[in-house]
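Residues per chain are reported as follows:
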Amino acid sequence: MMGVRGMWLVAVSCLLPVALLYAQEVWDKAAVSEVNTELNRPELIAKGRYLAIAGDCQACHTRTGGTPFAGGRPMSIPMLGTLYSSNITPDINTGIGTWTLEEFDRALRQGVGKGGRNLYPAMPYESYTKITDADIQALYAYFLFGVAPVHDTPPPNKIPRALSARWPLKIWNYLFTPTGPFEPDPQQSESWNRGAYLVQALTHCGECHTPRGLAFQQKAYDETEKGFLGGGPVLDGWEAYNITPDRDSGIGDWSAEQLTQYLKTGHVNRLAQAGGPMGEAIQFSLSRMNDGDINAMVTYLRTIPPVKGKARVPRQQRGSPATDVIIMRGNPLVHELNPKLSADGSRLYLGLCAACHGVDGTGSKDGYYPSLVHNSTVGAEDDHNLRQAILQGIRRTVNGEEIMMPGFADELNEEQLKRLMFYLRKQFAAPQKQQ
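None of these values were measured; they are calculated from a predicted model.

If you had to explain the packing of aromatic side chains to someone new, which residues and values would you point to?
Enumeration according to the criterion identifies 14 aromatic pairs in this entry. When the centroid spacing of 5.7 Å and the interplanar angle of 50° are considered together, the rings of phenylalanine 182 and tyrosine 197 count as tilted. One end of the pair, phenylalanine 182, is in the loop between helix H7 (168–176) and helix H8 (190–202); the other, tyrosine 197, is in helix H8, with 15 residues separating them in the sequence. Across this residue pair, the class does not change: phenylalanine 182 and tyrosine 197 are buried. Taken together through their ring pairs, the aromatic side chains of Phe69, Phe104, Tyr140, Tyr142, Phe143 and Phe145 make up a single cluster.

Here is the structure:
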């Protein structure tokens, strides 16, 4: 029979898990005692939900196939390594469920996390510093009270030990990060000011589209500073183009209607199609914003100072329909798709691309399959985005309609890719032939 000591051991072993759960509950309640529950108001949560869409928070804080805002998405940062986005759901242990409004504010606008640890500027606090106090409160209300908690810890960052110290970020912030919320320009219209606020702060366009300095800081933060939105660095293989009104290097040749359509759908036939990070921004953010805000952004973007680049012909005005591939139809491509053999670019085009984009490159009549003639990606000065589109493909869903182009990374070796891009650039990126 079991002795008294044995009975005590059994009782303790049974009660210990219960006691630990109770203690954890007490600790959790104590941890959230400072949360600003007075902001738990339906109208404020609804406003914050929209602002989170404008800020494109889901794209960065959601891993592929993961729960929205639970973090874990890898981001490759030049000269630093790979960062994984944080869990920003209100989970008490792995998310931001115990954050006060002040802590939330400090993270978004100063780049300082809970406990005083500096955040890496992959978090766009350089731009978010311009978010107004009222919008910070609404965002806090949404993420603390309008998002379901997810218990998920993202992977640790992959950064060399020599670069992992956070204290240099204090110096970086002091030197480069602007301070203070956005201040409207009384000389401009209400729509212009709304557009300026969205572009500079919430949608943080400058994070990708503005050139970076030696310390990887943005060289400009608004239209009063030289180079603002004049084209950014290559990140994860994708280039963010010049989106100033310069007619040759920027979008000065686009009409207001075309720019509006692009921001809302990511597609304007014979002009531009969004892929990569911009495709995500269209899908998760811009396509879901209201018409008034999109129109305000267009108003602002069309009035900022143009930034001149290398281009002397607008990238969307380059190229001519192809004729040389037509005579190759019916010829076998089996040997030329063998990775061990060289491949002629025009034949690769006919085998891999022509079924959708047409043998002459003009796409389908309805524009669903875009034209490669007068295409701003094909006609760009550099081929970064064309390369990524071929290798990774394009995928975005807007208003329930999925746009998909397959990637060919598994079908093309580097030599074949070079030959295909050479053909595409020669045919569809050359200055338009005179009639």
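Account for the packing of helix H15 (residues 384–392) against helix H16 (residues 414–428), with residues named and values stated.
Between H15 and H16, the least distance of the axes is 11 Å, while the angle of their chain directions is 125°. Relative to H16, H15 is oriented oblique. The hand of the H15/H16 crossing is right-handed. Along the contact surface, H15 presents Leu386, Arg387, Ile390 and Leu391, while H16 presents Glu414, Leu417, Leu420, Met421, Leu424 and Arg425. Residue classes in the contact of H15 with H16 are distributed as 7 nonpolar, no polar and 3 charged.

Describe H16, naming the residues involved and giving the relevant values.
The end-to-end C-alpha distance of H16, which contains 15 residues, comes to 20 Å, matching closely the 21 Å that a straight helix rising 1.5 Å per residue would cover. Buried residues along H16 sit in contact with helix H13 (345–352) and H15. A distance of 3.2 Å separates the backbone nitrogen of glutamate 415 from a side-chain oxygen at the start of H16, and that oxygen is part of asparagine 413.

So what about a nonpolar patch on the surface? Which residues, and what values?
A contiguous nonpolar surface patch, about 550 Å² in accessible area, is contributed by Trp167, Ile171, Tyr174 and Leu175. Within the fold, leucine 175 resides in helix H7. For leucine 175, a relative accessible area of 55% translates into the label exposed.

How would you summarise the pairing of strand S7 (residues 394–398) if you had to cite specific residues and measurements?
Residues Ile394, Arg396 and Val398 of S7 are buried on one face, while the alternating residues Arg395 and Thr397, pointing to the opposite face, are not. When S7 meets strand S8 (residues 401–405), the two strands line up antiparallel, connected through 5 bridges. When the sheet's bridge partners are listed, valine 398 is paired in S8 with glutamate 401. Taking the residues between adjacent antiparallel strands as the criterion, S7 and S8 are bridged by 2 residues, where asparagine 399 takes a positive phi near 55°.

How would you summarise the environment of tyrosine 128 if you had to cite specific residues and measurements?
For tyrosine 128, the position within the fold is in helix H5 (residues 125–128). A residue is classified by how much of its surface remains accessible, and tyrosine 128, at 6% relative accessible area, is buried. Put simply, tyrosine 128 and glycine 111 are 17 residues apart on the chain and 9.2 Å apart in space, counted from C-alpha to C-alpha. Setting aside residues no more than four positions away along its own chain, tyrosine 128 makes contact with Gly55, Leu108, Arg109, Met123, Ala201, Leu202 and His204.

Run through helix H11 (residues 276–284), naming residues and quoting values.
Residues of H11 that are buried: Gly279, Ala281 and Ile282. Down the axis of H11, the buried set is contained in an arc of 160°. They therefore lie on one face. Each element contacted by the buried residues of H11 is listed here: helix H10 (256–265) and S7.

Which residues make up the confidence of the model for the protein, and what values go with them?
Model confidence for the protein is summarised by a mean pLDDT of 87, while 87% of its residues fall at 70 or above. Ignoring residues within four places in sequence, the model shows residues 19–31, a span with pLDDT below 50, making 4 contacts including any to other chains. Contacts from residues 327–342, a stretch scored under 50 in pLDDT, to residues over four places away or in other chains number 24 contacts.

Tell me about the nonpolar core, and name the residues and values.
One finds Phe104, Ile131, Leu139, Phe143, Val199, Leu229 and Met297 to be the most contacted residues of the largest nonpolar core, which totals 62 residues. At the level of secondary structure, the elements contributing two or more residues to this core comprise helix H2 (42–54), helix H4 (101–110), H5, helix H6 (133–145), H8, H10 and helix H12 (291–301). Among the elements that make up this core, the one with the highest residue count is H6 (8 residues).

Account for the packing of H10 against H12, naming residues and giving values.
Any two packed helices are characterised by the angle at which their axes cross and by the distance between the axes. Packing of H10 against H12 brings their axes to within 10 Å, and their N-to-C directions diverge by 130°. Classified by the angle their axes make, H10 and H12 are oblique. The way H10 lies across H12 gives a crossing that is right-handed. In this structure, H10 uses Ala256, Leu259, Thr260, Leu263 and Lys264 to contact H12, whose residues at the interface are Asp291, Ile294, Asn295, Val298 and Leu301. Per-class residue counts for the contact of H10 with H12 are 6 nonpolar, 2 polar and 2 charged.

Rules behind the numbers
- Residues numbered from 1 in each chain as written.
- Predicted model: local features only at pLDDT ≥ 70, side-chain atom pairs only at ≥ 80, totals over all residues.
- Heavy atoms only, no water.
- Phe/Tyr/Trp six-rings, centres within 6.5 Å; stacked < 30°, edge-to-face > 60°.
- Helix = DSSP H or I, 4+ residues; strand = E, 2+ residues; numbered from the N terminus.
- Buried < 20%, exposed > 50% of the residue type's maximum accessible area, 1.4 Å probe, protein only.
- Axes fitted to C-alpha atoms, helices over the stretch in contact; angles between N-to-C directions.
- Parallel < 35°, antiparallel > 145°, perpendicular 65-115°, else oblique.
- Left-handed = near helix turned anticlockwise from the far one by under 90°.
- Contact = heavy atoms within 4.5 Å.
- Nonpolar A, V, L, I, M, F, W, Y, C, P; charged D, E, K, R; others polar.
- Expected span 1.5 Å × (residues − 1).
- Polar contact = N/O pair within 3.5 Å; in protein donor to acceptor, adjacent residues only side chain to side chain.
- Patch = residues over 30% accessible without salt bridge, like charges linked within 9 Å, V, L, I, M, F, W, Y side chains within 5 Å.
- Areas by Shrake-Rupley, 256 points an atom, 1.4 Å probe, with all protein chains shown as cover.
- Salt bridge = Lys/Arg side-chain N within 4 Å of Asp/Glu carboxyl O.
- Pairing = 2+ DSSP bridges.
- Arc of directions from axis to C-beta.
- pLDDT = per-residue confidence, 0-100.
- Core = buried A, V, L, I, M, F, W, Y, C linked by side-chain atoms within 4.5 Å.

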